[in-house]
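Spelled out from the first residue to the last, the chains are:
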Amino acid sequence: MFFFPFDILILIAFGVSMWASFRVRGTFQRYAQVPIQSGMTGYQAARRMLDMNGLHDVQVEPVAGQLTDHYDPVHRVVRLSEPVYNSASIAAVSVACHEVGHAVQHKEHYPALVLRHRMVPVANIASGIAPYLILAGFLLSLLDLAVIGVILFSAAVLFQVVTLPVEFNASSRARQMMVSYGFITEREDRDSAKVLNAAALTYVAAALISVFQLLKFVAIILSSRRE
């Protein structure tokens, strides 16, 4: 009952996700060893890019861990992991400016980001409850309960799908600004693209897994209704 052709796609997407995770770490570590010609650290690049976009009130803070970099829209803070905050490398500046890209999106009310922020509460609740409702519905043969779970799960999937244009747009903005502001050269931009594209692939793989899982659940429900 629980094995569908979508399981094969889920396994493939999971494999891609694992590969993407290793790739992003490997790519970051590789270009973390390549000094940037401008000599700016991740913090300096982020601070200067924020100021050049009129975001003087957005702070830049270090955060523990590796690849824990993020933009906090609630407190309006760009948080950079220690290897990014203090390093003057291609990888560090690329990641730092990508997070600033999110801050610029926030300032300009980029539609996908606005939608994503509004979806956060619903997605958090849905992702926590949906798996239990789906599992209980299938195990207890309560199809209506499973349907409710799938509807909630679809909200969590939509959140991941909406995340994709947000991430790709932030990277695109970052690369354009880094070159135009003179943070990196045209040649360094190619290396920066490798760092940012590797990170974006992890979001694509995660979204594919969720989409295939959703399709599997829908297929099970449709199959059960025909029985």
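Scroll up to find the structure.
The numbering scheme is per chain: residues are counted from 1 as the chain's sequence reads. Local features in this predicted model are restricted to residues whose pLDDT is 70 or higher, and side-chain atom pairs enter the listing and the counts only when it is 80 or higher, whereas totals over whole chains, interfaces and linings include all residues. Think of the side-chain values as coming from all heavy atoms in the structure, minus any hydrogens and water.

Draft legend 1. Inspection of a nonpolar patch on the surface at higher detail. Side chains of I8, L9, I12, V16 and W19 sit close together on the surface and give an oily, nonpolar patch of about 450 Å² of accessible area. The numbering of helices and of strands both runs from the N terminus, where a helix is a DSSP run of H or I of at least 4 residues and a strand a run of E of at least 2. Inspection of the secondary structure puts V16 in helix α1 (residues 5-31). Within this analysis, patches are made of residues with over 30% relative accessible area and no salt bridge. Like charges are joined at 9 Å or less; nonpolar side chains (Val, Leu, Ile, Met, Phe, Trp, Tyr) at 5 Å or less. Accessible areas in this description were obtained via Shrake-Rupley with a 1.4 Å probe; residue shielding takes into account the shown protein chains only. Think of a salt bridge as a Lys or Arg side-chain nitrogen and an Asp or Glu carboxyl oxygen that are within 4 Å of each other.

Draft legend 2. Broad picture of the packing of helix α2 (residues 42-52) against helix α4 (residues 90-108). To obtain each axis, a line is fitted to C-alpha atoms, and for helices this fit is confined to the stretch in contact; angles are then taken between N-to-C directions over 0 to 180 degrees. Taken N-terminus to C-terminus, the directions of α2 and α4 make an angle of 30°; their axes are 8 Å apart at the nearest point. Comparing their axes, α4 and α2 come out roughly parallel. The chirality of how α2 crosses α4 is right-handed. The residues of α4 that touch α2, namely those facing G42, A45, A46, M49 and L50, are A92, V93, A96, C97, V100 and A103. To sort the angles, those under 35 degrees are grouped as roughly parallel, those over 145 as roughly antiparallel, those from 65 to 115 as roughly perpendicular, and the leftovers as oblique. Whether a crossing is left-handed or right-handed is set by the direction in which the near helix is turned from the far one by less than a right angle, anticlockwise for left-handed and clockwise for right-handed. Working rule for contacts: check all heavy atoms of both residues, and any pair within 4.5 Å makes them a contact.

Draft legend 3. Here's a closer look at the sheet that holds strand β1 (residues 59-63). Two strands make a pair as long as DSSP finds a minimum of two bridges between them. Spatial strand order, β1-β3-β2: three strands in an open sheet with mixed pairing. Either end of the sheet is taken by a strand with one partner, and the two such strands are β1 and β2 (70-72). Strand-to-strand twist in this sheet, taken as the mean axis angle between neighbours without regard to direction, amounts to 30°. Summarising the sheet, β2 and strand β3 (residues 77-81) pair through three bridges and their orientation is antiparallel. Among the inter-strand pairings, D72 is bridged to a residue of β3, identified as V77. Relative to β1, α2 is tilted by about 155°, and along the sheet it contacts β1 and β3. Sitting on the sheet, α4 is in contact with β2 and β3, with an inclination near 30° to β2.

Draft legend 4. Molecular detail of the side chain of H98. Relative to the elements of secondary structure, H98 occurs in helix α4. We classify H98 as buried; its relative accessible area is 9%. Contacts described as polar in this section are N or O atom pairs within 3.5 Å, which, within protein, must combine one atom able to donate a hydrogen with one able to accept it, while residues neighboring in sequence count only if both atoms come from side chains. In this structure the side chain of H98 is engaged in a polar contact, spanning 3.2 Å, whose partner is the side chain of H102. A distance of 2.9 Å separates polar atoms of two side chains, one belonging to H98 and the other to S171. Setting aside residues up to four positions removed in sequence, H98 forms contacts with E167, A170, S171, A174 and L196. Think of it in three bands: with a 1.4 Å probe and only protein chains considered, a residue is buried below 20% of the maximum accessible area for its type, exposed above 50%, and partly exposed in between.

Draft legend 5. Structural view of the packing of aromatic side chains. Each aromatic pair joins two rings of Phe, Tyr and Trp (for Trp, the six-membered one) with centres within 6.5 Å, and gets the label stacked for planes under 30 degrees apart, edge-to-face for over 60, and tilted for any other angle. The full count for this structure, using the stated rule, is four aromatic pairs. Aromatic side chains Y43 and Y85 sit 5.1 Å apart centroid to centroid with 35° between the ring planes, which places their arrangement in the tilted category. Of this pair, Y43 sits in helix α2 while Y85 sits in helix α3 (residues 82-85), and the two are 42 residues apart along the sequence. On the basis of relative accessibility, which here comes to 18%, the residue Y85 falls in the buried class. On the basis of an interplanar angle of 75° and a centroid distance of 5.6 Å, the ring pair of F153 and F217 is categorised as edge-to-face.

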